[in-house]
Amino acid sequence: MSYRGRFAPSPTGYLHFGSLVAAVGSWLCARHAGGEWLLRMEDIDPPREVPGSAASILAALPAFGLVADAPALFQSQRSAAYEAAFEQLRAAQQVFPCWCSRSELAGNGGIHRDGHCVASPQPDQPPAWRLRVPDIAIAFDDALQGPQRQNLRDEVGDFVIRRVEGFYSYQLACVVDDAYQGITEVVRGQDLLDSTARQIWLQRCLGLPTPAYRHLPLVLDGEGLKLSKSEQAFPVDPADPLPALRRALAFLRLPPSGATSVGDLLTRALANFDPAALPHCSGHSLA
Ligand code: GLU
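Per chain, the residues get numbers from 1 upward, laid out in the order the sequence is written. Restriction of local features to residues with pLDDT of at least 70 applies here, the model being predicted, together with a cutoff of 80 or more for giving and counting side-chain atom pairs; totals for whole chains, interfaces and linings are based on all residues. The basis for every side-chain value is the complete set of non-hydrogen atoms in the structure, without hydrogens or water.

Examining the pairing of strand S6 (residues 137-142)
To sort residues, take the accessible area from a 1.4 Å probe on protein chains only and compare it with the maximum for the residue type: under 20% means buried, over 50% means exposed, and anything in between is partly exposed. Note on conventions: DSSP H or I runs of at least 4 residues are helices, E runs of at least 2 residues are strands, and numbering of each starts at the N terminus. Burial of the side chains of S6 is restricted to one face: Ile138, Phe140 and Asp142 are buried, whereas none of Ala137, Ala139 and Asp141 on the reverse face is. Here, strands pair whenever DSSP counts at least two bridges between them. Count of turn residues in the S6/strand S7 (residues 146-151) antiparallel hairpin: 3 residues.

Below, the structure is given as structure tokens:
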């Protein structure tokens, strides 16, 4: 099977430096493997969406030389696929309606276990739908972070796949679309390492393939905060792409080059690129 990677931003703001690193990292892995690089706009959370940001992210990427091999997939147009996956889980009795609030679950460390609800059903209010999670340890090898293991019941619990408002969760949409787009390796920020076991379990429940995973360290600012929280310090300006692109490549441990155009910079980076030489550890600070 040939390599297929993707970049899947959420339209919650303009492209920031942390996202640029994920975009460049996933692009380099795909191009290095001679594979395809796809885009997916994860616009399934209208309350968190910043108007105009989906269009601005999609317009910014080509300025950094990152051109996808197919038109972007918009999750807002994929409800029928999520509904079908949800119905498949419902038919297999793997999901259940739940009215428990966060505060009601706080006593259990915020974890919902074994399909046991704390709250009683409230027929006049819509429920969230949770996936029943067995006592199972999910193990996988992350290409950068090494062997991972998470006991879903103990560490995560029954998790929401359809929210009270009727929106499908990131976990469900991501799994359905990674399979739909034929993704063979997911390259993304380390903040999503913790979601991976849930996604692998969902893939098994839905009979979908599991891609390889490679989680890049997060870009932190001088105070150790995830960079998206302090974007102003590291602007990403599509009208002047070279400074941010050089910094993104440096973060990914590529040697500096004298290239003076975006195309040349990426070509030289690709020539020097070795996925095994990507940085592993989090806490890698730019400041
Ligand atoms: N949409 C997610 C984000 O922007 C990334 C999802 C993924 O790469 O799986 O954080």
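From this point, things continue past the structure.
Considerations on the nonpolar core
By size, the foremost hydrophobic cluster in this structure holds 42 residues, and its most contacted members are Leu15, Leu20, Val24, Leu28, Phe64, Leu66 and Leu252. Broken down by secondary-structure element, the contributors of at least two residues to this core are helix H1 (17-32), strand S2 (36-41), helix H2 (53-63), helix H8 (241-251) and helix H9 (262-272). Ranked by residues supplied to this core, first place goes to H1 with 10 residues. In this description, contact between two residues means that some pair of their heavy atoms is separated by no more than 4.5 Å. When neighbours within four sequence positions are excluded, Leu252 is seen to be in contact with Val21, Val24, Gly25, Leu28, Leu216, Leu278 and Pro279. Only buried residues count toward a nonpolar core, which is a set of Ala, Val, Leu, Ile, Met, Phe, Trp, Tyr and Cys residues joined through side-chain atoms within 4.5 Å. One finds Val95, Leu152, Phe159 and Tyr168 within the second-largest nonpolar core, a separate group that totals 32 residues.

Details of the site of the ligand
Working definition: residue near molecule or strand if any one of its non-hydrogen atoms lies within 4 Å of it. As a matter of local geometry, the ligand sits amid Arg6, Ala8, Pro9, Ser10, Glu42, Tyr170, Cys174, Arg188 and Leu192. Between N or O atoms, a polar contact is any pair within 3.5 Å; within protein, one atom must be a potential hydrogen donor and the other a potential acceptor, and residues adjacent in sequence are included only when both atoms are from side chains. Here a nitrogen atom of the ligand sits 2.6 Å away from a polar atom, N or O, in the side chain of Glu42. Coverage of the ligand by the protein amounts to 78% of the 300 Å² it exposes when considered alone. In terms of residue class, the shell around the ligand is made up of 5 nonpolar, 1 polar and 3 charged. Exposure was quantified through the Shrake-Rupley algorithm and a 1.4 Å probe, taking into account, for residues, occlusion by the shown protein chains and nothing else. Basically, the charged four are Asp, Glu, Lys and Arg, the nonpolar ten are Ala, Val, Leu, Ile, Met, Phe, Trp, Tyr, Cys and Pro, and anything else, Gly included, counts as polar.

A word on the sheet that holds strand S1 (residues 4-7)
Taking strand neighbours across the sheet as the criterion, the 3 strands line up as S1-S2-S3 in an open arrangement whose pairing is parallel. The strands lining the two open edges of the sheet, one partner per strand, are S1 and strand S3 (73-74). Here S2 runs beside S3; their pairing, made up of 2 bridges, is parallel. Paired with Met41 across the bridge in S3 is Phe74. Contacting S1, S2 and S3, H2 crosses the sheet at an angle of about 160° to S2. The sheet contacts of helix H6 (residues 170-180) involve S1, S2 and S3, and relative to S2 the element is tilted by about 145°. Interaxial angle, 0 to 180 degrees, is taken between N-to-C directions of lines fitted to C-alpha atoms, where a helix line uses only the stretch in contact.

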